[in-house]
Amino acid sequence: MRLSGVGRRYGLAGPWVLRGVDLGLPRRSLVRVEGANGTGKSTLLRLLAGIDAPTEGRIAGGRPRTAYVPERFPAALPFTAAGYLVHLGRIHGLRRTEAAGRAQEWLSRFGAAEHARTPLAELSKGTSQKVAVAQALLAEPELLVLDEAWTGLDTAARGELDRAVTESVAAGSTVVFVDHDPRRLAGAADTALRVEGTGLVTASPASAGATAGPRVRIEVAGPAGTKLPAGLPGAPVRAAAGDGALTLTVASAHSDALLGALLTARPPWHIRSLSAVPGDHDEAA
Ligand SMILES: Nc1ncnc2c1ncn2[C@@H]1O[C@H](COP(=O)(O)OP(=O)(O)OP(=O)(O)O)[C@@H](O)[C@H]1O
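Just so it is clear, the model here is predicted, and its values are computed rather than measured. (Residues numbered from 1 in each chain as written. Predicted model: local features only at pLDDT ≥ 70, side-chain atom pairs only at ≥ 80, totals over all residues. Heavy atoms only, no water.)

> Can you tell me about the pattern of salt bridges, naming the residues and giving the values?
For the coordinates displayed, the defined rule picks out 15 salt bridges. Note that R32 is salt-bridged to E34, the shortest N-O span being 3.0 Å. Comparing R32 with E34 shows no difference in burial state: the two are buried. With a closest N to O distance of 3.2 Å, E167 and R109 form a salt bridge. Taken together, the positions of E167 in helix α5 (residues 155-170) and R109 in helix α3 (residues 96-109) put the pair 58 residues apart, joining distant regions of the chain. (Salt bridge = Lys/Arg side-chain N within 4 Å of Asp/Glu carboxyl O. Buried < 20%, exposed > 50% of the residue type's maximum accessible area, 1.4 Å probe, protein only. Helix = DSSP H or I, 4+ residues; strand = E, 2+ residues; numbered from the N terminus.)

> Which residues make up α3, and what values go with them?
Over its 14 residues, α3 extends 20 Å from the first C-alpha to the last, a length consistent with the 20 Å expected when each residue adds 1.5 Å. Within α3 the residues assigned to the buried category are A99, R102, A103, W106, L107 and R109. Seen end-on, α3 carries its buried residues on one side only, within an arc spanning 155 degrees. Phi for G111, located one or two positions after α3, is positive at around 70 degrees. (Expected span 1.5 Å × (residues − 1). Arc of directions from axis to C-beta.)

> So what's going on with unusual backbone geometry? Which residues, and what values?
Omega for the peptide link from R266 to P267 comes to -5 degrees, which places this bond in the cis form. Secondary-structure assignment places P267 in the loop between α6 (252-263) and β13 (270-276). Within the chain, R28 stands out as a residue other than glycine whose phi angle is a positive 50 degrees. Position of R28 relative to the elements: it lies in the loop between β2 (16-24) and β3 (29-34). With a phi close to 55 degrees, L185 is a non-glycine residue in the positive phi region. Position of L185 relative to the elements: it lies in the loop between β7 (174-178) and β8 (191-196).

> Please set out the nonpolar core residue by residue, giving values where relevant.
In this structure, V131, L146 and L161 are the most contacted members of the largest nonpolar core, which totals 41 residues. A per-element tally of this core places helix α4 (residues 125-137) first, with 6 residues. Sequence-distant contacts of L146, defined by excluding residues within four places in its chain, comprise L45, V69, V165, V175, V176, F177 and V178. V31, V33, L143 and V145 belong to the second largest nonpolar core, which has 22 residues in total. (Core = buried A, V, L, I, M, F, W, Y, C linked by side-chain atoms within 4.5 Å. Contact = heavy atoms within 4.5 Å.)

> Quick rundown of the sheet that holds strand β5 (residues 66-69)? Include the residues and the values.
In spatial order, the strands read β5-β6-β7-β3-β8-β9; together these 6 strands make up an open sheet with mixed pairing. The open sheet has two free edges, formed respectively by β5 and β9 (199-203), since each of these has just one partner strand. Averaged over all pairs of adjacent strands, the angle between their axes in this sheet comes to 20 degrees, without regard to strand direction. Here β5 pairs with strand β6 (residues 143-147) via 4 bridges, running parallel. For V69, the partnering residue across the bridge sits in β6 and is L146. Contacting β3, β5, β6, β7, β8 and β9, helix α1 (residues 41-49) runs over the sheet at an angle of about 155 degrees to β6. (Pairing = 2+ DSSP bridges. Axes fitted to C-alpha atoms, helices over the stretch in contact; angles between N-to-C directions.)

> Explain the site of the ligand residue by residue, including any values.
Taken together, Y10, V17, A36, N37, G38, T39, G40, K41, S42, T43, R46 and E71 make up all the residues around the ligand. Take G40: an N or O atom from its main chain is 3.0 Å from an oxygen atom of the ligand. Here an oxygen atom of the ligand sits 2.6 Å away from a polar atom, N or O, in the side chain of T43. If one sorts the elements of the shell around the ligand by residue count, α1 sits on top with 4 residues. (Near = heavy atom within 4 Å. Polar contact = N/O pair within 3.5 Å; in protein donor to acceptor, adjacent residues only side chain to side chain.)

Right under this line is the structure:
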């Protein structure tokens, strides 16, 4: 998919929010979009997701199968959580049993299985957000567009979403995301784009602080004879901690994702302790 000379303004004579945007979205890539408040990040994401159209310019190259998590989820729809996910799954072309299975799987992964039969309007904000994220992930889209999708999720669910994003990209998808936390998926993004003025500039993904900054030490123990899962987020440095335990030292930016990966590994790993590595700056969230 390629944007050529894309511009968007609201209203006939409104100011241009974006103009002259040229952007190609490669497959199997993670793209971070940043920029100050109100600069047009959500506008760009809606154009990429195909739920808004450019005022000028064109988006060519065919529309990939796309799923989108909006900044604000319309929670007042007349469905239960599972009913909504099955409905969305059907819209994405899944058979009912397949959609129901994936709905259950994603609600479980996000720790919301017990709310499957709860009407959307009665869900807490956090659980609503889990449903918003699940509806996008169960579609296994080629293009996944996440607008502040981590906001409102608890720590375990944020880690699970980090993991799901990493898995999607590994499976060949393009994931485009905005998040207010500059450390979100730090070091994992292939491209960082910044909305400046009405244009897009390439920002260094390293600006997300992948290697510098505070680190966290996590002491973990796995079931006897189990090896650490491969490809853990943040490539933690490992050391034996005696008694069969290990310490994993990782940039704080990756600690949520790492904890999520360990807790949701099959079989899961036990987290014994978590501490800031001495000598770090006191800026960990
Ligand atoms: N539907 C709309 N109608 C009119 N103006 C809009 C609409 N959506 C966005 N805008 C305006 O377009 C500009 C860019 O908004 P947008 O939400 O895309 O920015 P953003 O960078 O995502 O903001 P934030 O960081 O606050 O989420 C803002 O001035 C906003 O007021």
